[in-house]
Amino acid sequence: MSTLTVARPAAGGAGTGPVRGAARDVAVLTRRNLVHVAREPLALSDITVQPVLFTLLFVYVLGSGVSVTGGSYQDFAIPGLIALNLTTSAMGTAVGLSNDLRTGAVDRFRTLPIWRAAVLVGRSLSDLLAALVCMSVVLLTGLAIGWRPDTSPARFAAALALPLLFSYALAWATACLGLVSQGAESAQSVALVALFPLAIVSNAMVPTAGMPAVVRAIAEWNPVSALTAAMRELFGNPNPSAASDAWPMQHPVVAALLWSAVILAATAPLAVALYRRRTTD
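Keep in mind it's a predicted model, so treat the numbers as computed, not measured. Throughout, a residue's number is its position along its own chain's written sequence, starting from 1. pLDDT decides what is reported in this predicted model: residues at 70 or higher carry local features, side-chain atom pairs at 80 or more are listed and counted, and totals for whole chains, interfaces and linings draw on all residues regardless. To obtain the side-chain values, all non-hydrogen atoms of the structure were included, while hydrogens and water were left out.

It is worth spelling out the overall build of the protein at this point. In terms of regular secondary structure, the protein is built from 12 helices and 0 strands. Helix and strand assignments follow DSSP, with helices taken as H or I runs no shorter than four residues and strands as E runs no shorter than two, numbered in order from the N terminus. Order of helices (α) and strands (β) in the protein, N terminus to C terminus: α-α-α-α-α-α-α-α-α-α-α-α. We take the radius of gyration over the C-alpha atoms and set the globule estimate at 2.2 Å times the residue count to the 0.38 power. For a compact globule of 281 residues, the expected C-alpha radius of gyration is about 19 Å, and the protein comes in at 20 Å, within 12% of that figure. Its C-alpha atoms give the protein principal-axis dimensions of roughly 65 × 35 × 35 Å. Throughout, exposure labels follow a simple rule: accessible area from a 1.4 Å probe, protein chains only, divided by the maximum for the residue type, with under 20% read as buried, over 50% as exposed, and the rest as partly exposed. For the protein, the proportion of its 281 residues judged to be buried stands at 47%. Contacts were defined at the residue level, with two residues in contact if any of their heavy atoms lie within 4.5 Å. Contacts in the protein between residues far apart in sequence, at least 24 positions, make up 79% of those at least 6 positions apart. For every accessible area listed, the method is Shrake-Rupley and the probe measures 1.4 Å; residues are considered covered only by the protein chains on display. In the form shown here, the protein has an accessible surface area of approximately 13100 Å², with 66% of it arising from carbon and sulfur atoms. We treat Lys and Arg as the positive residues and Asp and Glu as the negative residues; His and chain ends play no part in the count. Where a charge lies is defined by one atom per residue type, namely NZ (Lys), CZ (Arg), CG (Asp) and CD (Glu). The average position of the 18 basic charges and that of the 13 acidic charges among the side chains of the protein differ by 11 Å.

Right, here's the structure in full:
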C-alpha cells in the first residue's frame, strides 16, 4: 500500500480554512490515484487501447453495413464512440473504490485529519482526467481515419465539455456501485451489467429509425443517446436522430445537460451517504 501524508498547518494559522483544507485534501488524494496509474500503466488499457480497437472495429466492420444520410459513417460514429467508451470505462470508479475499501486504504485515510468526502471527490477528479485521455484517444483515432468536425471553435469546445460533464456525473453513479459491492470483481460485474446496455441501447453506433418501437423509445430517451446527438449537432456531423419527434432528440444539448445534472444531483449525495455508512464503525 502506498504511503499517503496530508500535512495540515496548525489550527488558526494564517491562510487556513475549511475550504482551503478540503481542496488540499482532494488534490492530495487525486494525485495519489494518478500515481497508482503511473505505477501500473496497463490499468490505462480501457482508456487507451480499447478506444482505438472500438473505433477501428465499429467503423470498418459495423460501418460497412450501416448507411448514414448526409455524411460518412466515420463522421457519424466518432461522437458515438466517445459516448460509448466514456460510458463503459466509468466502471473504473466502482472498481477503484471497491479495491480501496477491500485493501484497507480507506481505513488508513480515516486515521488522517482529512475531509471525509475527499476520498470520493479525489476519485471522481482522477477519473475525469482519465475520461479526458479516453476522449482524446478517440478523437485522434477518428482524425486518423478521416473523421472531420464542421463547426465553430466555440461549438467544438462545447462538444468536448459535454461528454466530460456526463462522464463526471457517471463516475458518481458508479461510485455508488463500488460502495455497495464487497469486492473489485463484483463491482466490475455489476457496473458492466448496468453500463453496457446503457451504452448499446442508444443511437451511439446505429440510427434508431430501424429499431422496434419499444426499443427505439428506450434508446431515444437514453442519456447516452442525448449526449451522442448533442455532440453530433455541435460537431456538425450527421445526426439522423434530429428527425425523431422525441423531445431529447429535438433538444439534445439541453437533454444532455439535464441528464448530467440529474445523475450528479441524485448520486453524489447517495455516494457520500453510502461512504459514511460503509466507513462507520
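From this point, things continue past the structure.
Axis angle and axis distance: for two packed helices, these are the angle between their axes and the distance between the axes, and together they describe the pair. Angles here are taken between N-to-C directions and fall from 0 to 180 degrees, while the axes themselves are lines fitted to C-alpha atoms, restricted in helices to the stretch in contact. Contact pair helix H7 (residues 153–180) / helix H10 (residues 223–235): the axes reach a minimum separation of 8 Å and the direction vectors enclose 165°. Classed by the angle they form, the pair H7 and H10 counts as roughly antiparallel. Viewed along their axes, H7 and H10 form a crossing whose handedness is left-handed. Every residue of H10 that contacts H7 at Arg155, Phe156, Ala158, Ala159, Leu160, Leu162, Pro163 and Phe166 is listed here: Pro223, Val224, Leu227, Ala230, Met231, Glu233, Leu234 and Phe235. Residues are sorted three ways: Asp, Glu, Lys and Arg are charged, Ala, Val, Leu, Ile, Met, Phe, Trp, Tyr, Cys and Pro are nonpolar, and all the rest, Gly among them, are polar. Here the residues of the contact of H7 with H10 are counted per class, giving 14 nonpolar, no polar and 2 charged. Orientation labels follow simple angle bins: below 35 degrees gives roughly parallel, above 145 gives roughly antiparallel, 65 to 115 gives roughly perpendicular, and whatever is left gives oblique. By the definition used in this description, the sense in which the near helix is turned from the far one sets the handedness, with an anticlockwise turn below a right angle giving left-handed and a clockwise turn giving right-handed.

This next bit is on a nonpolar patch on the surface. Nonpolar side chains (Val, Leu, Ile, Met, Phe, Trp, Tyr) are joined into patches within 5 Å and like charges within 9 Å, using only residues with over 30% relative accessible area and no salt bridge. For salt bridges, the criterion is a side-chain nitrogen of Lys or Arg within 4 Å of an Asp or Glu carboxyl oxygen. Taken together, the side chains of Val49, Leu53, Leu56, Leu57, Tyr60 and Val61 define a hydrophobic patch exposed on the protein surface, amounting to about 560 Å² of accessible area. Its place among the elements puts Leu56 in helix H2 (residues 45–62). With relative accessibility at 34%, the residue Leu56 sits in the partly exposed group.

Turning next to the packing of helix H3 (residues 73–89) against helix H8 (residues 184–200). Packing of H3 against H8 leaves a shortest axis separation of 9 Å and a crossing angle of 170°. One finds that H3 runs roughly antiparallel with respect to H8. Of the residues in H8, those touching H3 at Leu84, Thr87 and Thr88 are Leu195, Leu198, Ala199 and Ile200. Taken together, the residues of the contact of H3 with H8 break down into 5 nonpolar, 2 polar and no charged.

Now for the packing of aromatic side chains. Note on ring pairs: Phe, Tyr and Trp rings are taken, using the six-membered ring of Trp, and paired if centres are within 6.5 Å. Classes follow the plane angle, with under 30 degrees stacked, over 60 edge-to-face and the rest tilted. Under the criterion given, the structure shown has 5 aromatic pairs. With centroids separated by 5.4 Å and ring planes inclined at 55°, the aromatic side chains of Phe156 and Phe235 adopt a geometry described as tilted. Taken together, the residues Phe156 in helix H7 and Phe235 in helix H10 connect sequence positions 79 residues apart. Exposure remark for Phe156: the relative accessible area of 27% places this residue in the partly exposed category. For Phe235, a relative accessible area of 0% translates into the label buried. Put simply, the rings of Trp147, Phe156 and Phe235 touch in pairs and so form one group of aromatic residues. The cationic tip of Arg232 hangs over the ring face of Phe76; the distance from NZ or CZ to the ring centre is 3.7 Å. Both a distance and an angle decide whether a charge sits over a ring: NZ of Lys or CZ of Arg must be within 6 Å of the ring centre and within 35 degrees of the ring normal.

The next thing to look at is the environment of Phe235. Residues Phe235 and Thr151, 84 residues apart in the sequence, show an inter-C-alpha distance of 5.5 Å. Ignoring anything within four residues of it in the chain, the contact list for Phe235 reads Pro79, Ile82, Leu139, Trp147, Pro149, Asp150, Thr151, Phe156, Ala159 and Leu160.

A few words on the confidence of the model for the protein. Values of pLDDT, ranging from 0 to 100, describe the predictor's confidence in every residue of the model. When pLDDT is averaged along the protein, the result is 88, and 92% of the positions lie at 70 or above. Ranking the helices and strands of the protein by mean pLDDT puts H10 first, with 98, and helix H5 (residues 105–110) last, with 82.

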